[in-house]
Amino acid sequence: MKAEAEIKYIHPVFKKKEYDPFTEATLQFERAAGYLDIEPWIYQRLKYPERELTVHMAITLDNGRVETFTGFRVQHSTLRGPAKGGIRFSPDASLSECKALAAWMTWKCAVVDLPFGGGKGAVICDALKMSENELEKLTKAYTRSIIDIIGPYKDVPAPDMFTNAQTMAWIADAYCQSTGRLEPAVVTGKPLCLWGSQGRAGATGTGLFYVLEETAKHLQMSLKGKKVAILGFGNVGSSVAKLAHKAGCKIVAVTDIFGGIHNENGIDPFELEKQTAKTNSVVQFPGTDAITNEELIELAVDILIPAAVEGQINKENADKVRAKVILEGANGPTTLEADEILNDNNVLVVPDILANAGGVTVSYLEWVQNLQRYFFTEEEILEKTEKKMKKAFWDICNTKEKQNISMREAAYILAVGRVAESMRALGKAA
Ligand code: NAD
């Protein structure tokens, strides 16, 4: 994960002080709760996370220096099943971000009707500047710190920004060292040799692409020749880029944390991936001009795919978006204020809790396979995922059309409604 060249990071477009992810997530929930007119006791229980854990880990770095890292694990809801959600390694991670991401996971799992609640974890660190050895030590120390609250029937982590299958394998090992047995179902997104699932690596991008196909049908447009701009070229951004390219879309711009590239004639994501495998960045890809995140967001494209951090499309730039469709690969990339501007401008925003649910859907299938010790083929995984994603898309689309609301509102109404219904059935008495 170490960057070859020392290139300066670019910071998220939003001004940090003005953007609080958990406030955004709460406002989204409150809108749906108001629309559904849910009972106050359900509203109160769903408004706040069930549990927030902050941990500190002192790690000896390769140079002998001891550094203390802070991490979090938040469980927003375990009502419909174990908490489910990724672990992010990022210098910008915070408790508020984890709380928002955990709540979004509750709604996402409900949108695709999975037997999970929502959770999220993070460690404040700069993974790109750490060695493999340091990352392994940090991951295992973090796992030991949160071990009491995770487990196959309690809380099942997965990869997120700057974590991957290797990170998940280290979590499985740390869990195994403490319990005395390998329990693969404790974490998803593992390597295949440790009972990961076929199709998990590119699952979020694959799911995004299924949703893009249905969006095109809904808008009666062909994907052939459509111009696409992608903000973030990691797991999610690169996998959706390859599928869109294969379907005939033209990927005209891509940015990452170091900068960005632009070519109106199209960029081959397969070739770009060969470069990022070596340099960790899209910057200076041959035949392209440099572009910033801000410029990418404002490009005249058909489809804009944010696939990096939260809050990138906000009140400062929403009015300048020229795309017809925003497909949210990232979690929380569009602020509520931006949502309203985009709606007024007839930009179709396909919300994160639907669009990027392919990852958690395959994670669910990985968990099922791990619990039953019986494995599906890649074709079976893709077929089950496609069915779930496309059903969720049309459920949401039909609600949106019938009630004349945005896709995000329709997705929240479906998700919050499902969780509230489960709560009612479980009963009010604590
Ligand atoms: P990743 O670490 O594989 O890639 C992240 C990409 O975003 C990298 O290219 C990175 O350089 C870029 N990036 C980070 N900060 C940036 C910034 N300020 N400006 C521009 N680019 C920036 O992460 P990922 O797994 O692809 O996750 C991306 C997003 O998708 C996150 O919001 C994550 O929560 C969400 N998501 C991921 C999954 C999954 O299965 N990995 C599932 C659902 C949602």
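This text goes with the structure placed above it.
Residues numbered from 1 in each chain as written. Predicted model: local features only at pLDDT ≥ 70, side-chain atom pairs only at ≥ 80, totals over all residues. Heavy atoms only, no water.

### Side note on the site of the ligand
As a structural note, the neighbourhood of the ligand is formed by 27 residues, with Asp 160, Phe 162, Thr 204, Ala 308 and Asn 331 the closest of them. Here Asn 235 contributes a backbone N or O atom positioned 2.8 Å from an oxygen atom of the ligand. Burial of the ligand by the surrounding chains reaches 93%, relative to a free accessible area of 820 Å². When grouped by side-chain class, the residues that make up the shell around the ligand number twelve nonpolar, ten polar and five charged. The two domains that each donate at least three residues to the shell around the ligand are domain 1 (38-193) and domain 2 (203-355). (Near = heavy atom within 4 Å. Polar contact = N/O pair within 3.5 Å; in protein donor to acceptor, adjacent residues only side chain to side chain. Areas by Shrake-Rupley, 256 points an atom, 1.4 Å probe, with all protein chains shown as cover. Nonpolar A, V, L, I, M, F, W, Y, C, P; charged D, E, K, R; others polar. Domains from an automatic or database assignment.)

### A few points about the sheet that holds strand 10 (residues 303-306)
Across the sheet, which stays open at both edges, the seven strands sit in the order 9-8-7-6-10-11-12 with mixed pairing between neighbours. The open sheet has two edge strands, strand 9 (289-290) and strand 12 (348-350), and neither has a second partner. Looking at chain direction, strand 7 (residues 250-256) and strand 8 (residues 259-262) are connected through four bridges and run antiparallel. Directly across from Ala 253, in strand 8, lies its bridge partner His 262. (Pairing = 2+ DSSP bridges. Helix = DSSP H or I, 4+ residues; strand = E, 2+ residues; numbered from the N terminus.)

### Concerning the pattern of salt bridges
This model, assessed by the stated rule, comprises 29 salt bridges. Here Glu 67 ties to Arg 65 by a salt bridge, and the two come within 3.3 Å at their closest N and O atoms. Owing to a relative accessible area of 46%, Arg 65 belongs among the partly exposed residues under this scheme. Notably, a salt bridge pairs Arg 408 with Asp 352, separated by 3.6 Å at the nearest N-O pair. Highlighted residues: Arg 408 in helix 14 (residues 407-426) and Asp 352 in helix 11 (residues 352-355), separated in sequence by 56 residues. Each of the two residues, Arg 408 as well as Asp 352, counts as buried. Through salt bridges that share partners, Arg 88, Glu 97, Lys 120, Asp 160 and Glu 310 make up one connected network. (Salt bridge = Lys/Arg side-chain N within 4 Å of Asp/Glu carboxyl O. Buried < 20%, exposed > 50% of the residue type's maximum accessible area, 1.4 Å probe, protein only.)

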